[in-house]
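Spelled out from the first residue to the last, the chains are:
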Amino acid sequence: MISFDPTTIPLHIVLAVVAVAYLIALAVYRLWFSPLSHVPGPKLAAITLWYEFYYDCVLRGQYIFKIEQLHRQYGPILRINPWEIHISDIEFYDEVYAVSNRKRERWAWNIAPGGFIGSMGGTADHDLHRVRRSALAPFFSKSSTRKLQHIIDGRVQFLVASFQRRKGDEPFDIKHAFAALTNATDLVMEYTFGYNVNRVSHKNYDPKFHDNFVAGLSKMSLLRHFPWLDRCARTIPPHLLAPFSPVVAQFWKEKIAITTQAREVMEAGADAIETADHRTIYHDILSSKLPPEEKNLERLAQEAQILLSAGTLATSWIMTVGCYHLLAPGNAEYLNKLHSELRDAIPDPLAENAFELTKLEQLPYLTACVNEMMRLGNGTTTRLQRIAPSETLIFTSRKTKKIYPIPPGTPISISNFLVHRNPDYFSEPSKFNPDRWIENPKLTKYLVAFSKGTRQCIGMHLANAEMYLTIARLFRNYVSLLELYDTTEQDVIIVADLLVPAVFKESKGVRLRVVS
Ligand code: HEM
């Protein structure tokens, strides 16, 4: 009889067999025994994250489009990776996002990259997020924004005046101009931190700043697939990496500036903090009821840096999309309607308080244009998952009436981007058509650019103020001076989700020329 001695099998064979057995067991578990096994979707996506990785990393930000296509195939509820569910029914939006007194957490896997877990936006836990947000909420309330309207309008005036000085100059990319306005160093900086470095005055509005910013965020979005790389990268001091990467260099410079400013406010002492003339977010955090461990320098700096990035790109991109469409050949009808509404409402644009926010927000056509540019521009294209930590959510397919219990702890999202391009809600969704908001005011229910609920954009009143004031000033006063230069609709069509919306790679942007 031939005897078989298992100890003679080479170790690498044993390890390979164990690994294969483990992977098969994992796939079997995920397909048939996982608490999400009843949710439809491609088998490969249920088995492995490599499916998402392929669409997002290899094909560059394509998973969101794949999800859209999968919904057409599998229905309104979809398992898009081993742990996550995506839903395409807006009627379920409030259940996922706009919940009162019900806990919703963010998914740490998605928000960890970049190391901003000390900031409100990077906080996964529901209760800690509430505490952190409560310190900043008064600063960004509608009434606070109104009080600082003169600052916002001052910067907007400065920007539009800079356009006038460009008469006959080379064309420029309007997104750089808007990013200089909304950015860190100008509007958001002035508003939230009390100073700015006047990027609007830079030649061509400092394009590298915007482009580095977008590149940094896009890379950060992909880092969620490489958590170990993200952790390793964060152990290397940024000043060592900065010489090799303009993106890191910019990030590092910004961090130093912010940390220095936060330190100065901290060192000024409690009395100075209470009585400061122009209160900044540092003053508000330091004088809030937050516990002492929430008031350390590193957390303040993280909070500030997230605010700066969140406050810059979404608003500037949305205004860029709006400008393109309003100036595009074929859209003169919409531009004329906007211009005549502004002319009637603001007969003397030089009068003091001619551009009052409360008045602008009442203008129906301006509002329709702002809504339409938010719908097409989106601001962010990333999935914004929510987790109900202790509740089972019940989703019912409206077509088949089938009920899907979603177990506690499951990350769920309803992509704002996909809602805005869903033909069930918006007819001819790719078409810029502000009239749709006038014809059907109920459409605002489907406008979710700022998300909803406890994690809704904290800067939305500031963003609205920026957009209303900029679009109103630009199209009241300069409408016949601005023309598109070598720009087509392709330059604003979103073709990839890189956390921020991305257009085709070779795009030179939305270029404008100021005619004499
Ligand atoms: C039109 C422009 C903007 C759009 C479309 C936008 C969109 C959003 C969205 C969708 C979220 C929710 C993220 C989530 O669900 O997890 C968000 C959160 C946030 N936004 Fe905005 N945003 C805009 C402008 C701003 C501005 C101007 C600021 C501040 C200066 C800002 C600061 C923030 C912060 C700090 C958060 C995190 C809030 C939290 O976690 O509680 N955003 N934004």
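Reading the values: the criteria
- Residues numbered from 1 in each chain as written.
- Predicted model: local features only at pLDDT ≥ 70, side-chain atom pairs only at ≥ 80, totals over all residues.
- Heavy atoms only, no water.
- UniProt positions renumbered as here; feature names shortened; annotations may be inferred.
- Helix = DSSP H or I, 4+ residues; strand = E, 2+ residues; numbered from the N terminus.
- Rg over C-alpha atoms; globule rule 2.2 N^0.38 Å.
- Contact = heavy atoms within 4.5 Å.
- Areas by Shrake-Rupley, 256 points an atom, 1.4 Å probe, with all protein chains shown as cover.
- Donors = N, O, S within 2.8 Å, 3.2 Å for Na, K, Ca; no water.
- Near = heavy atom within 4 Å.
- Polar contact = N/O pair within 3.5 Å; in protein donor to acceptor, adjacent residues only side chain to side chain.
- Salt bridge = Lys/Arg side-chain N within 4 Å of Asp/Glu carboxyl O.
- Buried < 20%, exposed > 50% of the residue type's maximum accessible area, 1.4 Å probe, protein only.
- Expected span 1.5 Å × (residues − 1).
- Pairing = 2+ DSSP bridges.
- Axes fitted to C-alpha atoms, helices over the stretch in contact; angles between N-to-C directions.
- Patch = residues over 30% accessible without salt bridge, like charges linked within 9 Å, V, L, I, M, F, W, Y side chains within 5 Å.
- Core = buried A, V, L, I, M, F, W, Y, C linked by side-chain atoms within 4.5 Å.
- Phe/Tyr/Trp six-rings, centres within 6.5 Å; stacked < 30°, edge-to-face > 60°.
- Lys NZ or Arg CZ within 6 Å of the ring centre and 35° of its normal.

As recorded in an unreviewed UniProt entry, the chain goes by the name Cytochrome P450, listed as coming from Oidiodendron maius. What UniProt records for the chain under Cofactor (unreviewed entry) is the sentence "heme".

For the rest of this paragraph, the subject is the overall build of the chain. Per the secondary structure count, the chain includes 24 helices and 11 strands. Radius of gyration (C-alpha) of the chain: 25 Å, near the 24 Å computed for a compact globule of 516 residues. For the chain, the spread of C-alpha atoms along the three principal axes comes to 105 × 55 × 45 Å. The contacts of the chain with a sequence gap of at least 6 include a subset with a gap of at least 24, amounting to 73%. When the accessible surface of the chain is split by element, carbon and sulfur atoms take 60% of a total near 23,600 Å².

All right, on to the coordination of the iron atom of the ligand then. Protein coordination of the iron atom of the ligand is limited to a single donor, C457 (SG), which sits 2.3 Å from the metal. Its place among the elements puts C457 in the loop between α23 (435–439) and α24 (460–477).

Attention shifts here to the site of the ligand. Lining the immediate environment of the ligand, one finds 28 residues, of which R106, H129, R133, R386 and C457 sit closest. Between the ligand and R133, the relevant distance is 2.7 Å, taken from an oxygen atom to a side-chain nitrogen or oxygen of the residue. Contact between the ligand and R386: an oxygen atom at 2.5 Å from a side-chain N or O atom of the residue. Going through the elements one at a time, α7 (126–136), α18 (297–327) and α24 are the ones with two or more residues in the shell around the ligand.

The next thing to look at is the pattern of salt bridges. According to the stated counting rule, one finds 26 salt bridges in the structure shown. One salt bridge connects R224 with D56, and the closest N-O pair in it is separated by 3.0 Å. Here R224 is found in the loop between α12 (207–222) and α13 (227–235), whereas its partner D56 is found in helix α3 (residues 50–58), with 168 residues between them in sequence. With respect to burial, R224 and D56 carry one shared label: buried.

Right, let's talk about helix α19 (residues 332–345) for a bit. Given a rise of 1.5 Å per residue, 14 residues ought to cover 20 Å, and the 20 Å separating the end C-alpha atoms of α19 matches this to within 8%. Looking at the buried positions of α19, the neighbouring elements they touch are α18, α21 (364–377), α23 and α24.

Every buried residue belonging to α3 is among Y51, E52, F53, Y55 and D56, and all of these are buried. Looking at the residues trailing α3, positive phi occurs at R60, about 60 degrees.

The next subject is the UniProt feature "binding site: heme" (unreviewed entry) in the chain. In the numbering adopted here, UniProt assigns the feature "binding site: heme" (unreviewed entry) to C457. Residue classification places C457 among the partly exposed positions, given a relative accessible area of 33%. The contacts of C457, once residues within four sequence positions are left out, are R133 and F450.

The next subject is the sheet that holds strand β4 (residues 386–387). A sheet is described by the order of its strands in space; here four strands give the open sequence β1-β2-β7-β4, paired in mixed fashion. Each of the sheet's edge strands pairs with one partner strand only, and the pair in question is β1 (77–79) and β4. This element, helix α4 (residues 63–74), spans β1 and β2 (85–87) of the sheet and lies at about 120 degrees to β1.

There is a patch of nonpolar side chains on the surface, built from F4, I9, L11, I13, V14, L15, V17 and V18 and spanning about 770 Å² of accessible area. Relative to the elements of secondary structure, F4 occurs in the segment before α1 (11–33).

We now examine the nonpolar core. Core analysis: the largest hydrophobic core is formed by 122 residues, its most contacted members being I87, F163, L338, L360, L366, I406 and F475. Beyond its immediate chain neighbours, meaning those up to four positions away, L360 contacts I346, F355, L366, T367, Y468, L469 and A472. Among the nonpolar cores identified, the runner-up in size contains five residues, and F209, F213, L217 and L313 belong to it.

Quick look at the packing of aromatic side chains now. Across all of its chains, the model carries 20 aromatic pairs by this definition. Centroid distance F139 to F140: 5.3 Å. Interplanar angle 70 degrees. Geometry classified as edge-to-face. Residue classification places F139 among the buried residues on the basis of a relative accessible area of 6%. A relative accessible area of 4% means that F140 is categorised as buried. Seen in terms of ring centroids, F395 and Y404 are 6.5 Å apart; in terms of plane orientation they differ by 35 degrees. Their pairing is tilted. Considered together, F395 and Y404 belong to a single accessibility category, that of buried residues. For the cation-ring pair, R375 lies above F426, with the distance from its terminal atom to the ring centre recorded as 5.0 Å.

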